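Reading the structure
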Amino acid sequence: MSGPRVNALFLGNSSEVSFSLILSRIDEETGKLQHSNCSGSRRAGDWNLSVVPGVNTSKVTVSLSRNLQLCLPNATDCCTAPLCVAETLQVLACHGSVMLAHLLIQAEIYANSSFVGNVSENATIIPNQAFQPLGSCPCDLTAGACDVRCCCDLECTPDLKQLFTGSCFTAVFGGDVNPPFDQLCSAKSMDTPDWFPFLCVQSSLDNTPFLGYFYHGSISTPREPSFKIPLQTSPGRVFTGYRQGDPIMTEENDYFTVPQQSMAGQCVGNAPVAYLQNFDVKCLTHLSSYGEGLPHDVRINSGTGESPPTTEVPCKNVTFAEYYKFICNDKNIKEINVTVFLGNLCDGEILTQRFTVTFVSLYSTNETELSGNPGYQVGKPVRAANLNDSDTFGSLKLWQPAGRGLCTSATYTPVLFGLDSLSGCMLEVGISEDCNFLRGNVTEKLNSLIQATHIGKRGNSNDSDLNDWVQIIRLDPYNSDTNVSTGNLKGICSDIPANLNIRIIIADVGAVQGIPQQEILAVQISYSTVIWQFQCGLTCENLNFLPITASVHFIKVPAQPPIPLTRFQINYTEFDCDRNDVCWPQLFYPLTRFYTGEPYSLCLAKGLALAFLFLLAAIMSNPWFQKVWNNSLV
């Protein structure tokens, strides 16, 4: 902790549990924390412990009661050093003399520092750096003195400047912070070629590439991103339909929102619902921060200008759970079914709200819900089957830990298409565990996630058609014929297949109504082995934990192999426009629509004039033109 207060939660009934706070010290000889017992109190040194009991959860707060102000001269009750507090605390939860749980806190708190004195209200005005430099004389490095050879130094008197007038610093360092661009017509010198007046740039000295913008081109209107749906200008305007990931709109031109979890894990109450993206979240709330649940008379824009039937929900007390079921057909929403669970929430209680959104196809049944038609939709479950048995039902799952994170209490969640995932759980292992038994137990736990022999290529793969499925390629964790060393040390096992790696190769194989269709080309399952060693924490017990993980990685490959580079492209890299600012293939770039430096009509006129000059030069350099010209003069 780095602040004067820290909060924690004790899960379970705390009616007969006593809490105590101990200020732990490290033994100088062993370097370990001193042994703690349940005889402490709720105050230790400058620290206080407070507990707010609940139904099944108690809030534990540890706070610091001393002053954190940095000491001034002749002051007391303050911090003498910037690192004010560096202590180790232990919070113990005991039932009698039996310790149920303990929390180790390492506190490093720095003193508060504040400015004491008068603060000037005068603000320094900094000029616009686009057209006026901040330092007009960069060679003026010494305050209150004349810098030699710095002719722009205002502290240099005329007598001193006469000593180095012929040796002043030049360019930007010497004070010429806005030199004229060498392509300006006003910057003509003795070394300029004869054609310089025809190709020079007419512009003011304030508009240079060193300061400001060299040319203010026309402003192009940005295009709307593909993931954003333009709002309706009037109710009832016909939509072209929703695409996957588009936010669902209401007839009032607002987003249809349902509380969802953000990337930081917090619940956002006004998060838009994305089309064809299911989710199931749980949010903690108090009575003071509770907001109204499902509003009345919400009408969803179905994507065709019409509204599907709505369900009015009587709102009583508070909402415990809301289940939304969207029945859709292609790009349109046909029907919405909402189920709401209501109950009483008393003051001081914590409510866990659940919000679920599910999209179901209009022509599918609950038993055969598709993951796409025909290609997979991102976020839909990957279809699996066991084609070697009469019952072809299969599953491809990951762990969803709960409680203490043990594998015995973990639930399962399906693998979602296109979403890389990583999950795991903790496996209890004894100090005298047999290594061969441990390897078999871990392998069995990992194999329980993959109850299938084949994976569906498409979201609508047919169970009776073998061509719609790809066989899972399995790489064994270790060769059974090879003698795996068990080791002679107690509590150490090598070659434990603790990591399951699922690699799924996908590709775009076509498009339906302009929407790319993705298929699964191959699936490979492999294992990564680790060396497990029994470890002791604050207290050494007979049981230890082995973390096992399962990861899913989707690898997208091009539908067709890329065109290999030619020998010319490999050897002559100066013609590669991706590696060079100037390249010959983009010689006519100013004549294209992508150039926005000048109006397109002006660029086209200049291009035609330039092409006419080149054509005229080519004609006049031809010998027959000279003969015709000489004959016309005779």
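Structural notes, computed from the coordinates. All values reported here derive from a predicted model rather than from experimental measurement.

Here's the deal with unusual backbone geometry
Residues apart from glycine generally show negative phi values, whereas peptide bonds are mostly found in trans. Even without being a glycine, arginine 149 presents a positive backbone phi close to 70 degrees. Relative to the assigned elements, arginine 149 resides in the loop between β7 (98-110) and α1 (158-161). Unlike most non-glycine residues, aspartate 495 shows phi in positive territory, near 55 degrees. Checked against the element boundaries, aspartate 495 lands in strand β21 (residues 492-512). Judged by its relative accessible area of 32%, aspartate 495 is partly exposed.

A look at the sheet that holds strand β14 (residues 384-385)
Pairing within the open sheet is mixed, and its 7 strands lie in the order β14-β19-β20-β22-β21-β23-β17. Bordering the open sheet on either side are β14 and β17 (421-430), each of which pairs with just one other strand. Both β14 and strand β19 (residues 454-456) contribute to a ladder of 2 bridges, which runs antiparallel. Each bridged residue has a counterpart across the sheet, and for alanine 384 the counterpart in β19 is isoleucine 455. Along the sheet, helix α3 (residues 435-447) contacts β17, β20 (469-474), β21, β22 (515-533) and β23 (543-556); its crossing angle with β21, the most-contacted strand, is approximately 20 degrees.

Here we look at the nonpolar core
A general tendency of soluble globular proteins is for nonpolar side chains to be buried together. If you look at the biggest cluster of nonpolar residues, it comprises 41 residues, and the most contacted ones within it are Val382, Leu438, Ile455, Leu500, Ile502 and Ile520. Elements represented by at least two residues in this core include exactly β15 (395-400), β17, α3, β20, β21, β22 and β23. No other element matches the 7 residues that β21 contributes to this core. With near-sequence residues (within four places) excluded, leucine 500 lies in contact with Leu446, Leu449, Ile450, Ile525, Ser526, Tyr527, Thr549, Ala550 and Ser551. The next biggest cluster of nonpolar side chains, apart from the first, holds 22 residues, and it includes Val17, Leu21, Val60 and Val91.

Reading the values: rules and limits
- Residues numbered from 1 in each chain as written.
- Predicted model: local features only at pLDDT ≥ 70, side-chain atom pairs only at ≥ 80, totals over all residues.
- Heavy atoms only, no water.
- Helix = DSSP H or I, 4+ residues; strand = E, 2+ residues; numbered from the N terminus.
- Buried < 20%, exposed > 50% of the residue type's maximum accessible area, 1.4 Å probe, protein only.
- Pairing = 2+ DSSP bridges.
- Contact = heavy atoms within 4.5 Å.
- Axes fitted to C-alpha atoms, helices over the stretch in contact; angles between N-to-C directions.
- Core = buried A, V, L, I, M, F, W, Y, C linked by side-chain atoms within 4.5 Å.

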